[in-house]
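Chain residues, written in single-letter form:
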Amino acid sequence: MPRETSNAPQRILIAGASGRLGSRIVREALLQGHAVTALSRSPQALDISHPLLTLASIDVRDAAAVSEAVAGHDAVISALGYRRSAETADVLELGIRHLVEGMRHGGLTRLMAIASAGILQLDAQRLRCERPGYPEAFRAGAERHLRVWELLAASELEWTLVCPPELVEGDRMQPLSVRADVLPEGPLRVSMEALARWMIASLDDAAWHGRRVGVLSP
């Protein structure tokens, strides 16, 4: 895989690395020349071989294992999402909490994570998930991501919550509409490939620190 340069090479830990978006973030980080630790309960599902890739088979609900994995990295990206099953409903919140704790112990500051577009502002007073008629199927996930936002806001990390609408396959070079705290106007979808490219390229951009970010494919 040839390198496409962007930021200076970093050591990035990616949680949720074997998921639909997580696997694309891993590929994009490698493409842009970064060393990646892919953290997942089933990292072999990535089916990626690269000299800069390390696979870490870890359950993010294991605080000690997460803290050990985080050590030695420059930044953390979480592609963890909310899962509806009773067995895994706690993965998102516990995973983020353990990543934050591990980063604090390891002296890391930069965290970028995926969240629901429902936690973006609808207007000055309301979030999108607070509007009448917000789909009930998405409400539980938005509430979990609200708690993640509260956790990060109370931390001392340089965090960013990337809040896309529907994730679809698409061209990685597709332009994106990106706005802080609100969702841009346009179709409620975003290319996972283009989103992964934007996330890696924006990892060092302090303009997004402490912000929710609405992003979609125009």
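As the structure is a prediction and not an experimental result, all values here were calculated from the model.

Student: I keep staring at the confidence of the model for the protein chain and nothing clicks. Help me out?
Tutor: Looking at the protein chain as a whole, the pLDDT averages 93, with 94% of positions reaching at least 70. When the criterion is pLDDT under 50, residues 1-5 qualifies, and its contacts beyond four places in sequence or with other chains add up to 15 contacts.

Student: Help me understand the packing of aromatic side chains, please; the structure alone is not making it clear to me.
Tutor: We describe a pair of aromatic rings using the distance from one ring centre to the other and the angle between the two ring planes. The full count for this structure, using the stated rule, is 1 aromatic pair. For the pair Trp 198 and Trp 208, a centre-to-centre distance of 5.6 Å together with 65 degrees between the ring planes defines the contact as edge-to-face. Taken together, the residues span a long stretch of sequence, with Trp 198 in helix H5 (residues 192-201) and Trp 208 in the loop between H5 and strand E10 (211-216) at a distance of 10 residues. Using a relative accessible area of 14% as the deciding quantity, one classes Trp 208 as buried.

Student: It is not clear to me how the nonpolar core should be interpreted in this structure. Could you clarify?
Tutor: In globular proteins that are soluble, nonpolar side chains generally tend to be buried together. Counting residues in each nonpolar core, the largest one holds 40 residues, and the members touching the most others are Val 70, Val 76, Ile 96, Leu 99, Leu 152 and Leu 161. Where this core is concerned, the elements lending two or more residues are strand E1 (11-15), helix H2 (63-70), helix H3 (91-106), strand E5 (110-114), helix H4 (136-153) and strand E6 (158-163). By size, the runner-up hydrophobic cluster in this structure holds 30 residues, among which are Leu 21, Leu 30, Ala 196 and Trp 198.

Student: I keep staring at the side chain of Glu 28 and nothing clicks. Help me out?
Tutor: One can find Glu 28 in helix H1 (residues 20-31). A polar atom in the side chain of Glu 28 sits 2.7 Å from the side chain of Gln 32. Beyond its immediate chain neighbours, meaning those up to four positions away, Glu 28 contacts Arg 172, Glu 193, Ala 196, Arg 197 and Ile 200.

Calculation notes
Residue indices follow the written sequence of each chain, beginning from 1 at its first position. Restriction of local features to residues with pLDDT of at least 70 applies here, the model being predicted, together with a cutoff of 80 or more for giving and counting side-chain atom pairs; totals for whole chains, interfaces and linings are based on all residues. Only hydrogens and water are set aside when side-chain values are computed; all heavy atoms of the structure are taken into account. Values of pLDDT, ranging from 0 to 100, describe the predictor's confidence in every residue of the model. Any two residues whose heavy atoms approach within 4.5 Å are treated as being in contact. Between rings of Phe, Tyr and Trp, where Trp is taken as its six-membered ring, a pair exists when centres lie within 6.5 Å; planes separated by under 30 degrees are stacked, by over 60 edge-to-face, and by other angles tilted. Counting from the N terminus, the helices are the DSSP runs of H or I reaching at least four residues and the strands are the DSSP runs of E reaching at least two. Summary of the burial criterion: residues with accessible area below 20% of their type's maximum are buried, those above 50% are exposed, and those between are partly exposed, where the area comes from a 1.4 Å probe applied to protein chains only. For the purposes of this section, nonpolar cores are sets of buried Ala, Val, Leu, Ile, Met, Phe, Trp, Tyr and Cys residues that join through side-chain atoms within 4.5 Å. Polar contacts here mean pairs of N or O atoms no more than 3.5 Å apart (in protein, one a potential hydrogen donor and the other a potential acceptor; neighbouring residues in sequence count only if both atoms are side-chain atoms).

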